[in-house]
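Chains, contacts and geometry: an overview
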Amino acid sequence: MSRDARWKTLLELLVERGRLDVEEAAAELAVSSATIRRDFDQLAEQQMLVRTRGGAVVHGVSYELPLRYKTARHASEKQRIARAVADLVAPGEAVGLTGGTTTTEVARALAVRADLAAGSPALTVVTNALNIANELAVRPQFKIVLTGGVARPQSYELVGPLADGVLSQITVDVAVLGVVAFDVTHGASAHDEAEAAINRLLCERAERVVVAADSSKLGQRAFARICATESVNTLVTDAAAAPETVRRFEDAGLTVVSV
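Let us look at the structure shown here. Everything numeric here is computed off the predicted structure, so don't read it as measured data. (Residues numbered from 1 in each chain as written. Predicted model: local features only at pLDDT ≥ 70, side-chain atom pairs only at ≥ 80, totals over all residues. Heavy atoms only, no water.)

What follows is about the overall build of the chain. In terms of regular secondary structure, the chain is built from 9 helices and 15 strands. The C-alpha radius of gyration of the chain comes to 19 Å, within 12% of the 18 Å expected for a compact globule of 259 residues. In terms of principal-axis extent, the alpha carbons of the chain reach across some 55 × 40 × 35 Å. For the chain, with 259 residues in total, the buried portion stands at 49%. In the chain, 66% of the contacts between residues at least 6 apart in sequence involve partners at least 24 apart. Just so you have it, the chain exposes about 11700 Å², and 49% of that area is on carbon and sulfur atoms. In the chain, 28 side chains carry a positive charge and 32 a negative one; their mean positions are 4 Å apart. (Helix = DSSP H or I, 4+ residues; strand = E, 2+ residues; numbered from the N terminus. Rg over C-alpha atoms; globule rule 2.2 N^0.38 Å. Buried < 20%, exposed > 50% of the residue type's maximum accessible area, 1.4 Å probe, protein only. Contact = heavy atoms within 4.5 Å. Areas by Shrake-Rupley, 256 points an atom, 1.4 Å probe, with all protein chains shown as cover. Lys, Arg positive; Asp, Glu negative; His and termini not counted. Charge placed at Lys NZ, Arg CZ, Asp CG, Glu CD.)

Here it is in structure tokens:
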């Protein structure tokens, strides 16, 4: 197993369990304890975990995995969600996409839709995510509008007043939000307050708002609020979402699509 593959697995296990012990991790990854200790030390140097005696733990409430280490988590669910979200977009519309693994899958689902293969433009995509713009820029039928701003290495998102300036001058038909957490009472939220602020502005510029979130994010809250639940029109999630949770969102006035 390569170092990058080990690091991705270790970080995913840490997020799921909260802490990992060296011997336990070595057994799960079928490598030596010395290798795991070295991996933990190097990840701690990058502030991606907190080293403890005999193991490691995740950071506190603001802990955030860089995007490149989150892509494998709930991958099949995110792809199903993405296809369902893409189906909600009509040809010719202007679509706002925030950063994140699920919204990246939405961009990919839009890119392969047969009815969006031609047009002038077939779709206008507004995004503050560098990786999404990079993937879609090669599609000549899409008009790509990338906000300015300062890039966050964790999520490839552009944030700050330069991004505010662009978003304040445009409107979109639909904003698709990738979120860290979505709760009926507390609304949609993110780890980082600068990202939350840009996402909030995108919502304000949209005719309708869609939250794309796998079931693990529902009923959760994170540090920085993006918007209230009543600002969202549609929630697209996976079929593992608890029926009671789905009912609470529906009672709040949302259309819930479970796939």
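Picking up where we left off.
Let's shift gears to the nonpolar core. With 32 residues, the main nonpolar core has L177, V179, F182, V211, I226 and L235 as its most contacted residues. With 5 residues, helix α8 (residues 193–204) is the single largest residue contributor to this core. Apart from the residues within four sequence positions on either side, V211 is in contact with L177, V179, F182, V232, T234, L235 and V236. Listed in part, the 26 residues of the second largest apolar core include I81, V89, V125 and I132. (Core = buried A, V, L, I, M, F, W, Y, C linked by side-chain atoms within 4.5 Å.)

Here the focus is the pattern of salt bridges. Throughout the structure, instances matching the rule amount to 9 salt bridges. In this structure, the salt-bridge partner of E105 is R108, at a minimum N-O distance of 3.0 Å. Here R108 and E105 lie together in helix α5 (residues 101–111), a separation of 3 residues that amounts to about one turn. Residue R152 is joined to D192 by a salt bridge in which the shortest nitrogen-to-oxygen separation is 3.6 Å. Of this pair, R152 sits in strand β7 (residues 150–152) while D192 sits in the loop between β11 (187–190) and α8, placing them 40 residues apart in sequence. Pair check on accessibility: R152 and D192 agree, each one buried. The network of salt bridges with shared partners includes E105, R108 and E135. (Salt bridge = Lys/Arg side-chain N within 4 Å of Asp/Glu carboxyl O.)

Remark: helix α1 (residues 3–17) packs on helix α2 (residues 22–29), axes separated minimally by 11 Å, with the N-to-C direction vectors making an angle of 125°. Between α1 and α2, the interaxial angle falls into the category oblique. Once α1 is placed against α2, the crossing between them reads as right-handed. Every residue of α2 that contacts α1 at R6, T9, L10, L13 and R17 is listed here: E24, A25, E28 and L29. The class makeup of the residues in the contact of α1 with α2 is 4 nonpolar, 1 polar and 4 charged. (Axes fitted to C-alpha atoms, helices over the stretch in contact; angles between N-to-C directions. Parallel < 35°, antiparallel > 145°, perpendicular 65-115°, else oblique. Left-handed = near helix turned anticlockwise from the far one by under 90°. Nonpolar A, V, L, I, M, F, W, Y, C, P; charged D, E, K, R; others polar.)

Let's shift gears to the pairing of strand β15 (residues 255–258). Relative to β15, strand β14 (residues 234–237) runs parallel, the two sharing 4 bridges. Bridge pairing links V236 to V257 in β15. With helix α9 (residues 243–251) bridging β14 and the parallel β15, this β-α-β connection has right-handed handedness. (Pairing = 2+ DSSP bridges. Right-handed = clockwise from strand over helix to strand, strands pointing away.)

Any functional reading would require information that these geometric values do not contain.
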